[in-house]
Amino acid sequence: KPVTVSCRLPPLLPLLALPPPPLQPQQQLTTAFESTEVGLFWDYENLSVARSHDAADISNRLRALSLRFGRLVERRVYHDPSKVSSVAPNDRSRLDSAGFTLVDCPTRNEKETVDKKIIVDVMHFAITR
C-alpha cells in the first residue's frame, strides 16, 4: 500500500552544500520501507536549477533523498515551456538521462496549471498502487 509523504524541500543552495547521502542498495532498505513505492513529482517552477549548477547532480541528490522513504518508481518534472524559468534545453537532456519524465504544462492563460497536473498525477499514483 502506498505511503504519501508531504514535506517542503529545503532551499536548493543548502541542499547543494551538503554531501549527497549514500545510496543504499534496495535490499538494504529497512523492512518498513522495502515494499513502499515512492514517486518524485518535481514542480520545476518552484524548485528550479540555477544555470550555474548541473541538473543531473541536483536530480541525483533528490533521488537519493527520496530513497530514504522506499523504492523510487516514478520520477517526473513538471514545467511550463513558455516561461523563462522553464527547464533549459541542455537540462532537459540531463534530466531525461537521469530517468525523469518531463511533463510540459502550458498555462493556456490559466492559473496553477502545473499544480493541478501534479495533483492529478499524485492522486493517480496513490490510487493505482
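Draft legend 1. The overall build of the protein chain, seen in detail. The number of helices and strands found in the protein chain is four helices and three strands. Listed N to C, the secondary structure of the protein chain is α-β-α-β-α-β-α in terms of helices and strands. Looking at the protein chain as a whole, 35% of its 129 residues are labelled buried. Counted over contacts in the protein chain with a minimum sequence separation of 6, partners at least 24 positions apart contribute 80%.

Draft legend 2. Focus on the pattern of salt bridges. This model, assessed by the stated rule, comprises eight salt bridges. For R71, the salt bridge is made with E37, and the minimal N-O distance between the two is 3.1 Å. A residue pair is termed long-range when its members are at least 10 positions apart, and R71 in strand 2 (residues 71–79) and E37 in strand 1 (residues 37–43) qualify at 34 residues. The exposure class of R71 is partly exposed, given its relative accessible area of 32%. The exposure class of E37 is partly exposed, given its relative accessible area of 22%. A salt bridge links D104 to R92; the shortest N-O distance between them is 3.3 Å.

Draft legend 3. Quick peek at a nonpolar patch on the surface. On the surface, I119, M123 and I127 cluster together into a nonpolar patch covering about 340 Å² of accessible area. For I119, the position within the fold is in helix 4 (residues 113–127).

Draft legend 4. Main features of the pairing of strand 1. A large share of strand 1 lies buried, amounting to five of its seven residues. For strand 1 and strand 2, the ladder comprises seven bridges, and the chain directions are parallel. By the bridge assignment for strand 2, G39 is matched with E74. Handedness of the crossover is the feature at issue here: the chain leaves strand 1, passes through helix 2 (residues 55–66), returns alongside strand 2, and the resulting connection is right-handed.

Draft legend 5. Representation of the confidence of the model for the protein chain within the structure. Across the protein chain, pLDDT averages 77, with 72% of residues at or above 70. Taken as a whole, residues 8–13 scores under 50 in pLDDT and shows seven contacts with residues more than four places along the chain or in a different chain.

Draft legend 6. Fine view of the packing of aromatic side chains. One pass over the structure, following the stated rule, counts four aromatic pairs. With a centroid separation of 5.7 Å and 40° between ring planes, the pair formed by W42 and Y44 is classed as tilted. Classification of W42 by relative accessible area gives buried; the value is 4%. The buried category is assigned to Y44, whose relative accessible area is 1%. Among the aromatic residues, those joined into a ring-pair cluster are F41, Y78 and F125.

What counts, and at which threshold
- Residues numbered from 1 in each chain as written.
- Predicted model: local features only at pLDDT ≥ 70, side-chain atom pairs only at ≥ 80, totals over all residues.
- Heavy atoms only, no water.
- Helix = DSSP H or I, 4+ residues; strand = E, 2+ residues; numbered from the N terminus.
- Buried < 20%, exposed > 50% of the residue type's maximum accessible area, 1.4 Å probe, protein only.
- Contact = heavy atoms within 4.5 Å.
- Salt bridge = Lys/Arg side-chain N within 4 Å of Asp/Glu carboxyl O.
- Patch = residues over 30% accessible without salt bridge, like charges linked within 9 Å, V, L, I, M, F, W, Y side chains within 5 Å.
- Areas by Shrake-Rupley, 256 points an atom, 1.4 Å probe, with all protein chains shown as cover.
- Pairing = 2+ DSSP bridges.
- Right-handed = clockwise from strand over helix to strand, strands pointing away.
- pLDDT = per-residue confidence, 0-100.
- Phe/Tyr/Trp six-rings, centres within 6.5 Å; stacked < 30°, edge-to-face > 60°.

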